[in-house]
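Observations on the three-dimensional arrangement
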Amino acid sequence: MSTSHVTSISPQAPSDVVAEAGALDPRAVAALAARAREAQLQWRATGAAGRCSSLAGAARELRDRRQQATELVIREVGKPRGEAAGEVDRGIAILEYYAQAAFASRGDLLPPSIGGLLYTERRPHGLAGLITPWNFPIAIPLWKSAPALVCGNAVLLKPSPDALGTALFLQELLARHLPDGLFAVAPGEAQTGEAVVAEADIVSFTGSVGVGASVTAQATGRGVPVQAEMGGQNAAIVLPDADPARSAAIIAGAAMGYAGQKCTATRRVIVVGENDAFVDALVQRTEALAPGDPYADGVAVGPVISEAARARVLEAVARAQQAGGRTLTGGAALDRDGWFVAPTLVDRVDPSDPIMQEETFGPLAAVCRAGDLDEAVQIANGVRFGLVTSIHGRDLDQILRAVAAVDTGMIKVNGPTAGVDFYAPFGGEKASSFGPREQGMAALDFYTSTHTVSLAPHAG
Ligand code: NAD
C-alpha cells in the first residue's frame, strides 16, 4: 500500500529516530477515507451527550498522559519543556471546550411566512481533511479535529512528517474514545496531502504560504470549503513612550522563544524614533535567551527543526549583512549536536530587504527605525502577510491610531505577537490566511453547513 517512507527525527539529537511509517499512496488514502465515512454514519447519529462524553474522555486521558505527551513533543520537535507542557495543557483545554460545544445551538428559529416553523440546522459536511505543520504537533491537530468531530464529521489528518510520532500518539489516544476509523492519520508528504484533499468534503490547512496556495486551489477546484492558515512576517511597533526593559523582554520572547518557530513570532521590530535604550535592552534580553537542551527546565530556545531550516536562517542573515544590515547579536550556528542557531538580531535594514519581506522560520528578527507612527504603520503593513502585529507604548491616542491602521487579522497591545487564545477566532489577512477563521465558536460554523427548513401545517 505504501510507496515510500516518512521519518521523524529529533532535532536536538539527529541520530534519534522518533517515528517512521510508510507514506500512504492515493489508493491507501481512499481506503482510509471510505472507512472513516462509514464510521461517520454512526457518529453523526450519536447524540450530543455521546459526542461530548467521547471528547471529554479523550481530554481526561490526555491529562493522565500529560507527562508522556510532553516528553514526546520535546523529543520530536525540540520544543522547550515549559512550552511543550503548555501545549499539552492547551490540547486538554481544547478537547474540554469542544466537548461542551456538543450542546451549543445548532441553528436559528426564524419568523415563518406561511405559518408553522422556519428554522436552520447546521449539519456536518462528512469527511474533514486536515493538513498540519510540525510546530504545534498537539494543539493544531486538536484545534482542527475537536470542532470537526463534535460537529459530527469524520477526520483524516495528514500531519507533517516531522511531527509523525505525535500524530500517531493522538490517533492511538483518540481511537479509544471514538468509533473505529472515525479519526485516522495518513502519514506521508505532498502526494499523500493531495490525496487527502481529493477525498475530503471540507479541508483545513495550516502551513507555509506556497503549500497553502496549492491546497486551496485544489480544494476550491473540487468545490469543497477550505480554510488555510499560513505564514506571517509579524511586526512589533515600539512607540517612544514604551518602557524599554518591559517591551524588550516581551519582544525578545516573542521573536526567539521556541527558536522563532511560530507563525505568530515577531520577525520585524519597528522602533519609532531613535530609541537606543530600547534597542540595547532588546539585545540584552535576546542574549539572555541562550539556546539550550529543550529537556532542561528554564530553557526557552531549543534547536530549529532541521539542518535545512538552520541553513535558511544563516543564509537570510548573510544576505541581510550583504545588503548593509548590522548584526547586533547572534548570526552563527552553535558547535554542538543538533540544529542549534544563536538568536539573531539584524539592525538598520531597509523595509524592502528580503529579511523584512519574507518569513524565515527561525530565531531571527530584523530591527528598523521609523520617523513617526505613520511611517511605522506603513512599514508594518508593507508586506504580503497579515497575521499579527504588536504595539508597545502608553499613549492611548497613539495606540488606538495604530490599532485602527494596522492591517493584520490579530493585534496585540503591550503583549507578544506569539500566543493565541483557543476560544477566540484566529486568523490573518492577505497572504497569511484563506477562508473563514478557525478556533473558538467560529470553528463550529466552518465544520457544518446550514440547511434551511420550512415546515408548514398540512391543513388550516
Ligand atoms: P509546510 O507548508 O511545509 O507543510 C505543511 C503541511 O502540508 C505538511 O503536513 C506537509 O507535508 C503538507 N504538504 C506539503 N505539500 C503538500 C501538497 N502539495 N498538498 C497537500 N499537503 C502538502 O509547513 P511546515 O514547514 O510544516 O510548517 C511551517 C509553516 O507553517 C510556516 O510557514 C508557518 O508560518 C506556518 N504555520 C502557520 C500557522 C498559522 O496558524 N498561521 C501555524 C503554524 C505554522
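All values derive from a computational prediction rather than experimental measurement. (Residues numbered from 1 in each chain as written. Predicted model: local features only at pLDDT ≥ 70, side-chain atom pairs only at ≥ 80, totals over all residues. Heavy atoms only, no water.)

Description of the overall build of the protein
The following threshold applies: Put simply, DSSP marks the helices as runs of H or I at least four residues long and the strands as runs of E at least two long, and each gets a number from the N terminus on. Atoms counted for the radius of gyration: C-alpha only. Globule rule: 2.2 Å times residue count to the power 0.38. Classification of residues uses two cut-offs on accessible area relative to the type maximum, computed with a 1.4 Å probe and protein chains only: under 20% is buried, over 50% is exposed, and between them is partly exposed. We call two residues contacting when some pair of their heavy atoms lies within 4.5 Å. Computed with the Shrake-Rupley method and a 1.4 Å probe, the accessible areas treat only the protein chains shown as cover for residues. In this tally, Asp and Glu contribute negative charge and Lys and Arg positive charge; neither His nor the terminal groups of the chain are included. In this description, the location of a charge corresponds to atom NZ of lysine, CZ of arginine, CG of aspartate or CD of glutamate.
When its secondary structure is counted, the protein shows 15 helices and 20 strands. For a compact globule of 460 residues, the expected C-alpha radius of gyration is about 23 Å, and the protein comes in at 23 Å, within 12% of that figure. Along the first, second and third principal axes, the C-alpha set of the protein runs to 80 × 55 × 40 Å. Relative to its full complement of 460 residues, the protein shows a buried share of 55%. Relative to all contacts within the protein whose residues are 6 or more apart in sequence, the contacts with residues 24 or more apart total 73%. A total of about 17900 Å² of accessible surface is found on the protein, and carbon and sulfur atoms cover 53% of it. When the 38 basic and 49 acidic side-chain charges of the protein are each reduced to a single mean position, those positions are 4 Å apart.

Let's talk about the site of the ligand
Inclusion rule: In these notes, residues near a molecule or strand are those with any non-hydrogen atom within 4 Å of it. Pairing of N or O atoms within 3.5 Å defines a polar contact, subject to two protein rules: one partner must be a possible hydrogen donor and the other a possible acceptor, and residues neighboring in sequence count only if both atoms are side-chain atoms.
In the vicinity of the ligand there are 28 residues, among which Thr132, Lys158, Ser208, Met230 and Glu359 approach most closely. With respect to the ligand, the backbone of Gly207 contributes an N or O atom lying 3.4 Å from an oxygen atom. Within the side chain of Glu359, an N or O atom sits 2.7 Å from an oxygen atom of the ligand. Relative to its unbound accessible surface of 860 Å², the ligand loses 88% to contact with the protein.

Some points on the nonpolar core
This is how the line gets drawn: In this description, a nonpolar core means a group of buried Ala, Val, Leu, Ile, Met, Phe, Trp, Tyr and Cys residues linked to one another through side-chain atoms lying within 4.5 Å. Per the annotation, domain bounds derive from an automatic or database assignment of domains.
The biggest cluster of nonpolar side chains holds 127 residues, and the ones touching the most others in it are Leu62, Tyr98, Ile237, Phe278, Leu282 and Tyr447. It is helix α5 (residues 139-150) that provides the largest number of residues to this core, a total of eight residues. Counting contributing residues, this core receives three or more from each of domain 1 (2-230 + 432-455) and domain 2 (234-413).

Description of the packing of aromatic side chains
Applied cut-off: Pairing of aromatic side chains requires ring centres within 6.5 Å, counting the rings of Phe and Tyr and the six-membered ring of Trp. Pairs whose planes differ by under 30 degrees are stacked, by over 60 edge-to-face, and all others tilted. Charge over a ring is defined by NZ of Lys or CZ of Arg lying within 6 Å of the ring centre and within 35 degrees of the ring normal.
Counted according to the given criterion, the structure contains eight aromatic pairs. Here Tyr97 and Phe422 contribute two aromatic rings whose centre-to-centre distance is 5.4 Å and whose plane-to-plane angle is 80°, an arrangement assigned as edge-to-face. Within this pair, whereas Tyr97 is found in helix α4 (residues 81-100), its partner Phe422 is found in the loop between β17 (410-413) and β18 (429-430), the two being separated by 325 residues in sequence. Seen in terms of ring centroids, Phe446 and Tyr447 are 4.9 Å apart; in terms of plane orientation they differ by 75°. Their pairing is edge-to-face. For the pair formed by Phe446 and Tyr447, the shared burial category is buried. Feature note: the residues Tyr97, Tyr98, Phe422 and Tyr423 constitute an aromatic cluster, connected by ring pairs. Against the face of Phe136 rests Lys79, its NZ or CZ located 3.7 Å from the ring centre. For the cation-ring pair, Arg336 lies above Phe340, with the distance from its terminal atom to the ring centre recorded as 4.0 Å.

Things to note about the sheet that holds strand β20 (residues 448-455)
Our working rule: Strand pairing follows a simple DSSP-based rule, namely that at least 2 bridges must link the two strands.
Ordered by their spatial adjacency, three strands build an open sheet running β3-β4-β20, and the pairing between neighbours is antiparallel. Taken across any chain shown, the strands that pair with only one partner, and hence form the sheet edges, are β3 (109-110) and β20. Two elements, β3 and strand β4 (residues 117-124), share two bridges in a ladder whose sense is antiparallel. The residue of β4 that forms the bridge with Leu110 is Leu118.

Brief notes about the domain arrangement of the protein
What counts here: Once two parts are joined, some of their accessible surface, as seen by a 1.4 Å probe, is lost; buried area is that loss totalled over both. A pair is scored as a salt bridge if a Lys or Arg side-chain nitrogen falls within 4 Å of a carboxyl oxygen belonging to Asp or Glu. Note that Gly is not counted as nonpolar here; it falls among the polar residues with everything else outside the nonpolar set of Ala, Val, Leu, Ile, Met, Phe, Trp, Tyr, Cys and Pro and the charged set of Asp, Glu, Lys and Arg.
Looking at the assigned domains, one finds that the protein contains domain 1 (2-230 + 432-455) and domain 2 (234-413). For domain 1 versus domain 2, the separation of C-alpha centres amounts to 31 Å. Contacts between the two partners involve 23 residues from domain 1, matched on the other side by 26 residues from domain 2. Overall, the association of domain 1 and domain 2 removes approximately 2000 Å² of surface from exposure, summing both partners, and the carbon and sulfur fraction of that is 60%. Linking domain 1 with domain 2 are two salt bridges. Put simply, Arg81 and Asp297 hold a salt bridge, and the shortest N to O gap is 3.9 Å. Where domain 1 meets domain 2, there are eight residue pairs in polar contact (both at pLDDT 80 or more). By residue number, the principal contributor to the side of domain 1 that touches domain 2 is helix α3 (residues 66-77), which donates five residues. When its residues are assigned to classes, the side of domain 1 that touches domain 2 shows ten nonpolar, four polar and nine charged.

Structural notes on the sheet that holds strand β5 (residues 127-131)
The strands making up a sheet associate through hydrogen bonds between their backbones, and the pairing can be parallel or antiparallel. Here is the rule: Angles shown run from 0 to 180 degrees and are taken between the N-to-C directions of axes, each axis being a line fitted to C-alpha atoms and, for helices, limited to the stretch in contact.
An order of β7-β6-β5-β8-β9-β19 is seen for the six strands of this open sheet, with the pairing classed as mixed. Every other strand in the sheet has two partners, leaving β7 (183-185) and β19 (433-434) as the edge strands with one partner each. Across three bridges, strand β6 (residues 154-158) lies against β7 in parallel orientation. Its bridge partner lying in β7, Val155 is registered against Phe183. Of the strands in this sheet, β5, β8 (202-206), β9 (226-229) and β19 are in contact with helix α8 (residues 209-222), which crosses β8 at around 175°.

Structural notes on the side chain of Thr120
Here Thr120 is to be found in strand β4. Within polar-contact distance, the side chain of Thr120 engages the backbone nitrogen of Asp108 at 2.8 Å. Setting aside anything within four residues of it in sequence, one finds Thr120 in contact with Arg106, Gly107, Asp108, Leu110, Thr450, His451 and Thr452.

A short note on unusual backbone geometry
Phi is positive for Arg348, close to 60°, though the residue is something other than glycine. Within the secondary structure, Arg348 sits in the loop between β13 (344-347) and α12 (354-357). Positioned with a positive phi, Gln439 is a non-glycine residue whose angle comes to about 70°. With respect to the helices and strands, the residue Gln439 is situated in the loop between β19 and α15 (442-446).

Structural notes on helix α9 (residues 244-256)
Under the convention used in this document: In a helix, the anticipated span is given by 1.5 Å times the number of residues less one.
With 13 residues, α9 ought to run about 18 Å at 1.5 Å a step, and its terminal C-alpha atoms sit 18 Å apart, in line with that. Three or more residues of α9 are buried, namely Ser247, Ala248, Ile250, Ile251, Ala252, Ala254, Ala255 and Met256. Looking at the buried side of α9, the elements it contacts are β10 (234-238), β11 (266-272), α10 (276-288), β13, β14 (364-370) and β16 (388-392).

A look at the pairing of β16
Just so we agree on the cut-off: Handedness rule for crossovers: strands pointing away from the viewer, path from the first strand over the helix to the second running clockwise, crossover right-handed.
Most of β16 is tucked away, with five of its five residues classed as buried. In β16, alternate side chains face the same way, and those of Val388, Ser390 and His392 on one face and Thr389 and Ile391 on the other are all buried. Sheet analysis places β10 next to β16, joined by four bridges and oriented parallel. Paired with Ala236 across the two strands is Ser390, which belongs to β16. Bridging between β16 and β17 involves four bridges; their strand directions are parallel. The residue of β17 that forms the bridge with Thr389 is Ile411. Taken together, β16, helix α14 (residues 396-405) and β17 form a β-α-β motif whose crossover is right-handed.

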